[in-house]
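Architecture at a glance
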Amino acid sequence: DPAATVADAVHAPPAPAGDQAHPDGDMLVKMMQGYTQSQQPALAVDLFEKQLAAGTALDERHYTAHLQAHEALGSGREVLERALEDMKARGFVPDAAAYEAVLRSCTVGKDVVGNRAAARAILDGMLEAGMGVSITAVQYALTAHTLAKDLAAARELLNKLISGGHVGRDRAN
């Protein structure tokens, strides 16, 4: 039916879970990103959760888009941390964009001490995984430290990142 929308096509029955990728996987990611960019992140979260519940074969791109949608929605650090852990538990390796979504969530909320600790743990995890740390990621981590009024730890973190040559490496890692 030519009147069918793209959204109708995406909400069609999913491909079987497992090694077979969803034939519209790229379209799902683009829709999720589009929803988030058009200030409708709740639709992106809903789409991801429905596809996951339906057994659609998703990959790290879907999880990253899901994290970015939650961050844009203001879901809170704990929600993003759980989503990141779920992504890892399912065998997917988060990319820099996924980590940055969680890091940005560490710059809001009332739990400034918890946010600072979470930001540090996320950056440490990125470094342990051999990932480059973008200037954006450093900015979020330093903001979390300064909001917690822990300037000594912020300075120590920045010195560690600079001396290790980690700052400004390619975000594609």
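Residues numbered from 1 in each chain as written. Predicted model: local features only at pLDDT ≥ 70, side-chain atom pairs only at ≥ 80, totals over all residues. Heavy atoms only, no water.

This brings us to the confidence of the model for the chain. Averaged over all residues, the pLDDT of the chain is 83; the fraction at 70 or higher stands at 83%. Least confident of the elements in the chain is helix H1 (residues 6–10), whose mean pLDDT is 46; most confident is helix H4 (residues 60–73), at 95. (pLDDT = per-residue confidence, 0-100. Helix = DSSP H or I, 4+ residues; strand = E, 2+ residues; numbered from the N terminus.)

Attention now goes to helix H2 (residues 25–37). Given a rise of 1.5 Å per residue, 13 residues ought to cover 18 Å, and the 18 Å separating the end C-alpha atoms of H2 matches this to within 8%. Among the residues of H2, Gly25, Leu28, Val29, Met31, Met32, Tyr35 and Thr36 are the ones counted as buried. In a view along the axis of H2, the buried residues occupy a sector of 160°, so they form one face of it. Away from its buried face by more than 90 degrees, H2 exposes Lys30 and Gln37. Looking one or two residues beyond H2, the residue adopting positive phi is Gln39, at roughly 60°. (Expected span 1.5 Å × (residues − 1). Buried < 20%, exposed > 50% of the residue type's maximum accessible area, 1.4 Å probe, protein only. Arc of directions from axis to C-beta.)

Its volume calculated, the largest pocket comes out at about 180 Å³. Residue lining of the largest pocket: 13 residues in total, with Thr36, Gln68, Glu71, Ala72 and Ala101 positioned closest to the centre. Going through the elements one at a time, H2, H4 and helix H6 (96–105) are the ones with two or more residues in the lining of the largest pocket. Among the residues forming the lining of the largest pocket, the class breakdown is 5 nonpolar, 4 polar and 4 charged. (1 Å grid on protein atoms, 1.4 Å probe; cavity = no way out; pocket = protein on both sides within 12 Å on 5 of 7 lines; lining within 4 Å. Points joined across faces, edges and corners; volume = space filled by probe spheres on them. Nonpolar A, V, L, I, M, F, W, Y, C, P; charged D, E, K, R; others polar.)

Here we come to the side chain of His145. Structurally, the position occupied by His145 is in helix H8 (residues 135–147). You can call His145 buried: its relative accessible area is 0%. When sequence neighbours within four positions are dropped, the list of residues in contact with His145 reads Arg116, Arg120, Asp150, Ala153, Ala154 and Leu157. (Contact = heavy atoms within 4.5 Å.)

Moving on, we get to the pattern of salt bridges. Applying the stated criterion to the full structure yields 13 salt bridges. Ionic pairing is found between Asp111 and Arg77, a salt bridge with its closest N-O pair at 3.5 Å. Residue Asp111 is found in the loop between H6 and helix H7 (112–128), and its partner Arg77 is found in helix H5 (residues 77–89); the two are separated by 34 residues along the sequence. By relative accessible area, Arg77 is classed as buried at 10%. With a closest N to O distance of 3.1 Å, Asp86 and Arg90 form a salt bridge. A residue is classified by how much of its surface remains accessible, and Asp86, at 27% relative accessible area, is partly exposed. The exposure class of Arg90 is partly exposed, given its relative accessible area of 46%. Each member of the salt-bridge network shares a partner with another, and the members are Arg77, Glu78, Glu81 and Asp111. (Salt bridge = Lys/Arg side-chain N within 4 Å of Asp/Glu carboxyl O.)

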